[in-house]
Amino acid sequence: MTNEKRIVVVGTGSIGKRHARLLVERADISVELCDPDLKALKEATNEIGNLRQHISFKEMIETKPDMVLIASPHKFHVPQTIQALNNGAHVLCEKPMGDSLESAKSILKAKIASNQILSYGFSNHFHPGILKIKKIIENGELGEILYAHFHVGTYGTLVNSLSRYQSKIDSAILMDYAHQPDLLFWMLGKIPSGVYAAAGTGMNLELRSSPNALTLILDYETPLTSSIHLNYLQYPDRYHYEFIGDKGWIYLDLISNIISIGNRKEKKTTQEQLKFDRDGIYIAEHQAFFDAILGKRLPESPAEEALQSMIVLEAAIQSWKTKRRVTVNQFYSK
């Protein structure tokens, strides 16, 4: 990246401000902000510095920025991504792809017609603990993986949400944590056959979502099964991943950043305290995006791969509402 290419961060909520704050530290790009909320723009510039501002996405994109980083509410991800691609901008869009599978699929046509880079913000691909687990699995150290479990309990997400949209949109918790089905696919390389979801909504909390507790069971053509539990109840937050194979198991606590590895043959468990800097995973994500633009690598999370998580989410929503297992093959033919 040379000659200060322009990048516009769209959306100045907590994640947009984090992206902008880290991007302004680079000397090779010029950072701008876009948000229709003047108060949010003012707060962002107070925190980050006096940057060029836009209140209209349409007018901003007509100025032909080189890159757009979309961190706006989910419902804007698809139209803003398509408009940005059509106007010649490279796009890094926060997860999820969109607010529905149908809308997300419409991005593929725009991407095919564009010569621009499009990648999605599954930042946990750059988490040192997750990268370590992925390498251990690929090296066969756990043997055949038979079960994987992800647990995310975070009332803190509702506390930090500026718009409180989770109380107004059904299944917001699934879209907020599209990371989880994406990581299962990225780490194991397997597409589930079916999804079953059960959920509940508790009303005795100041901040609520519908549902605010949900569990997915995913089955596969192989002996593998996996589960994803999400809740907007636990506070302080609880966040951990576990993979179990026929040679061993691995458990990562993403709050303490302690990774535990069980070895079946040696009958022992080892632990390691990981060094973790949350800003670091976003810095790495930005660099991967810029390197893809320069042709040094492929996009980390291209649209075709990001779509896998949207398919699982759609199946989960249908399962939750119909109280039955939903197959995923049907969503590939539509």
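Just so it is clear, the structure is predicted and the values come from calculations on it, not from any experiment.

Visitor: Sorry, what's going on with the overall build of the chain here?
Guide: When its secondary structure is counted, the chain shows 12 helices and 15 strands. Taken against the 2.2 N^0.38 rule, which gives 20 Å for 334 residues, the C-alpha radius of gyration of the chain at 20 Å falls within 12% of a compact globule. In terms of overall dimensions, the chain has a C-alpha envelope of 60 × 40 × 40 Å along the principal axes. Across the 334 residues of the chain, 53% fall into the buried class. Entry remark: accessible area of the chain is about 15400 Å², with carbon and sulfur atoms responsible for 51%. Charged side chains of the chain number 38 positive and 37 negative; the gap between the two group centres comes to 2 Å.

Visitor: Mind showing me how you'd approach the sheet that holds strand β4 (residues 67-70) here?
Guide: Sheets are built from strands paired through backbone hydrogen bonds, the pairs being either parallel or antiparallel. Here we have six strands laid out as an open sheet, ordered β3-β2-β1-β4-β5-β6, and parallel in their pairing. Two strands bound the open sheet, and with one partner strand each, they are β3 (52-54) and β6 (118-121). This sheet shows a mean twist of 20° between the axes of neighbouring strands, independent of strand direction. When strand β2 (residues 29-34) meets β3, the two strands line up parallel, connected through three bridges. By the bridge assignment, Glu32 is partnered in β3 with Arg52. Against the sheet, helix α1 (residues 14-23) touches β1 (5-10), β2, β4 and β5 (90-94), its axis set at about 160° to β1.

Visitor: I tried to follow the nonpolar core on my own but got confused; where do I start?
Guide: Nonpolar side chains tend toward joint burial in soluble globular proteins. One finds Met97, Tyr120, Leu216 and Phe243 to be the most contacted residues of the largest nonpolar core, which totals 76 residues. Ranked by the residues each element gives to this core, the list is headed by helix α11 (residues 303-322), at 11 residues. Membership of the second largest hydrophobic core comes to 19 residues, among which are Leu33, Ala44, Ala71 and Ile117.

Visitor: Sorry if this is basic, but what is going on with the sheet that holds strand β10 (residues 225-231) here?
Guide: The mixed open sheet is built from nine strands, whose spatial order is β14-β13-β12-β11-β7-β10-β9-β8-β15. What marks the edges here is a single partner per strand, and that holds for β14 (268-273) and β15 (326-327). Pairing analysis gives six bridges linking strand β12 (residues 248-253) to strand β13 (residues 258-263), with the strands arranged antiparallel. Along β13, the bridge assignment pairs Ile250 with Ile261.

Visitor: Help me understand the pattern of salt bridges, please; the structure alone is not making it clear to me.
Guide: A side chain of one charge can pair with a side chain of the opposite charge when the charged atoms of the two come close. Using the criterion set out here, one finds 13 salt bridges in the structure. Measuring nitrogen to oxygen at the nearest pair gives 2.6 Å for the salt bridge that ties Arg18 to Asp279. A residue pair is termed long-range when its members are at least 10 positions apart, and Arg18 in helix α1 and Asp279 in helix α10 (residues 278-293) qualify at 261 residues. Given a relative accessible area of 18%, Asp279 falls into the buried group. A salt bridge links Lys268 to Glu266, with the nearest nitrogen and oxygen atoms 3.3 Å apart. For Lys268, a relative accessible area of 44% puts it in the partly exposed group.

Reading the values: rules and limits
Sequence order sets the numbering: in each chain, residues are counted from 1 along the sequence as written. With the structure being a predicted model, the display of local features is reserved for residues of pLDDT at least 70 and the display and counting of side-chain atom pairs for 80 or more, all residues being used for whole-chain, interface and lining totals. Neither water nor hydrogens contribute to the side-chain values; these are computed over all heavy atoms in the structure. Helix and strand labels come from DSSP, where a helix needs a run of H or I of at least four residues and a strand needs a run of E of at least two; each type is numbered from the N terminus. For the radius of gyration, the atoms used are the C-alpha atoms, and the globule rule reads 2.2 Å times the number of residues raised to 0.38. The rule is simple: take the accessible area with a 1.4 Å probe, protein chains only, and divide by the maximum for that residue type; under 20% is buried, over 50% is exposed, in between is partly exposed. Surface accessibility follows the Shrake-Rupley procedure with a 1.4 Å probe radius. Residue values consider only the protein chains on display as shielding. The sign given to each residue is positive for Lys and Arg and negative for Asp and Glu; His and the chain ends receive no count. Every charge is mapped onto a representative atom, which is NZ of Lys, CZ of Arg, CG of Asp or CD of Glu. At least two bridges found by DSSP between two strands are what make those strands a pair. Angles shown run from 0 to 180 degrees and are taken between the N-to-C directions of axes, each axis being a line fitted to C-alpha atoms and, for helices, limited to the stretch in contact. Here a residue-residue contact requires only that any non-hydrogen atoms of the pair lie within 4.5 Å. We call a set of buried Ala, Val, Leu, Ile, Met, Phe, Trp, Tyr and Cys residues a nonpolar core when their side-chain atoms join them within 4.5 Å. Basic side-chain nitrogens of Lys or Arg form a salt bridge, by our definition, when they fall within 4 Å of a carboxyl oxygen of Asp or Glu.

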